[in-house]
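Spelled out from the first residue to the last, the chains are:
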Amino acid sequence: QGQLVESGGGLVQPGGSLRLSCAAPENIFNLYTMGWYRQAPGKQRDLVSSIRTTRSTDYADSVKGRFTISRDNAKNTVYLQMNSLKPEDTTVYYCNAKVTSDLGYWGQGTQNTVSS
């Protein structure tokens, strides 16, 4: 806890854009797949997108074509550019560094709200 620092997000109208940033310590950033998850109240935390150290990426079907994940190795930061946002994208987003399938580092979470 506390090693991944998230920023960005907030309130935007439907169709708008937001960008999330997540800064990690170099030893974590260079070793692990970085990703973004989201969790609605009472629901499980689901993968939104991830990017490996090789820069290969994965996306949830619901965000394909709208969200783009990237990583800046010079800044030890992973970004999630979110375009064409929909009200159903409203929830808390968490940054993750995946150590194993069951173990990882998490950010504190950032609330994104898409509403007119």
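Treat the numbers as computed from the prediction; the structure is a model and nothing was measured.

## A few points about the confidence of the model for the protein
Inference 1: Per-chain confidence: the protein averages 94 in pLDDT, with 98% of residues scoring 70 or above.
Inference 2: Taking the mean pLDDT of every element in the protein, the minimum, 90, falls on helix α1 (residues 26-29) and the maximum, 98, on strand β8 (residues 77-82).

## Observations concerning the nonpolar core
Inference 1: Core analysis: the largest hydrophobic core is formed by 24 residues, its most contacted members being Met-34, Trp-36, Phe-67, Val-78, Leu-80, Met-82 and Tyr-93.
Inference 2: For this core, the elements supplying multiple residues, two or more each, are β3 (18-23), α1, β4 (33-39), β5 (46-51), β7 (67-72), β8 and β9 (91-98).

## Section: the sheet that holds β8
Inference 1: In space, the 4 strands of this open sheet follow the order β1-β3-β8-β7, with antiparallel pairing throughout. Across the chains shown, the open sheet's two edge strands, defined by having one partner strand only, are β1 (5-8) and β7. Within the sheet, the average angular offset between the axes of one strand and its neighbour, ignoring direction, is 15°.
Inference 2: Summarising the sheet, β1 and β3 pair through 4 bridges and their orientation is antiparallel. When the bridges of β3 are listed, Glu-6 appears paired with Cys-22.

## Regarding the side chain of Glu-6
Inference 1: By the secondary structure assignment, Glu-6 is in strand β1.
Inference 2: Among buried Asp, Glu, Lys and Arg side chains, Glu-6 stands out as unpaired, with Arg-45 the closest opposite charge at 7.5 Å.
Inference 3: A distance of 2.6 Å separates the side chain of Glu-6 from the backbone nitrogen of Cys-95, its partner in a polar contact.
Inference 4: Engagement of the side chain of Glu-6 in a polar contact is seen with the backbone nitrogen of Gly-109, the distance being 2.7 Å.
Inference 5: Setting aside anything within four residues of it in sequence, one finds Glu-6 in contact with Ser-21, Cys-22, Trp-36, Tyr-93, Tyr-94, Cys-95, Gly-107, Gln-108, Gly-109 and Thr-110.

## Re the pattern of salt bridges
Inference 1: Scanning the entire structure with this criterion turns up 4 salt bridges.
Inference 2: Arg-66 is paired through a salt bridge with Asp-89; the nearest N and O atoms lie 2.7 Å apart. One end of the pair, Arg-66, is in the loop between β6 (57-59) and β7; the other, Asp-89, is in the loop between β8 and β9, with 23 residues separating them in the sequence. Comparing Arg-66 with Asp-89 shows no difference in burial state: the two are buried.
Inference 3: Bridged by salt links that share partners, the residues Arg-38, Arg-66 and Asp-89 form one connected network.

Analysis parameters
Residues numbered from 1 in each chain as written. Predicted model: local features only at pLDDT ≥ 70, side-chain atom pairs only at ≥ 80, totals over all residues. Heavy atoms only, no water. pLDDT = per-residue confidence, 0-100. Helix = DSSP H or I, 4+ residues; strand = E, 2+ residues; numbered from the N terminus. Core = buried A, V, L, I, M, F, W, Y, C linked by side-chain atoms within 4.5 Å. Buried < 20%, exposed > 50% of the residue type's maximum accessible area, 1.4 Å probe, protein only. Pairing = 2+ DSSP bridges. Axes fitted to C-alpha atoms, helices over the stretch in contact; angles between N-to-C directions. Lys, Arg positive; Asp, Glu negative; His and termini not counted. Salt bridge = Lys/Arg side-chain N within 4 Å of Asp/Glu carboxyl O. Polar contact = N/O pair within 3.5 Å; in protein donor to acceptor, adjacent residues only side chain to side chain. Contact = heavy atoms within 4.5 Å.

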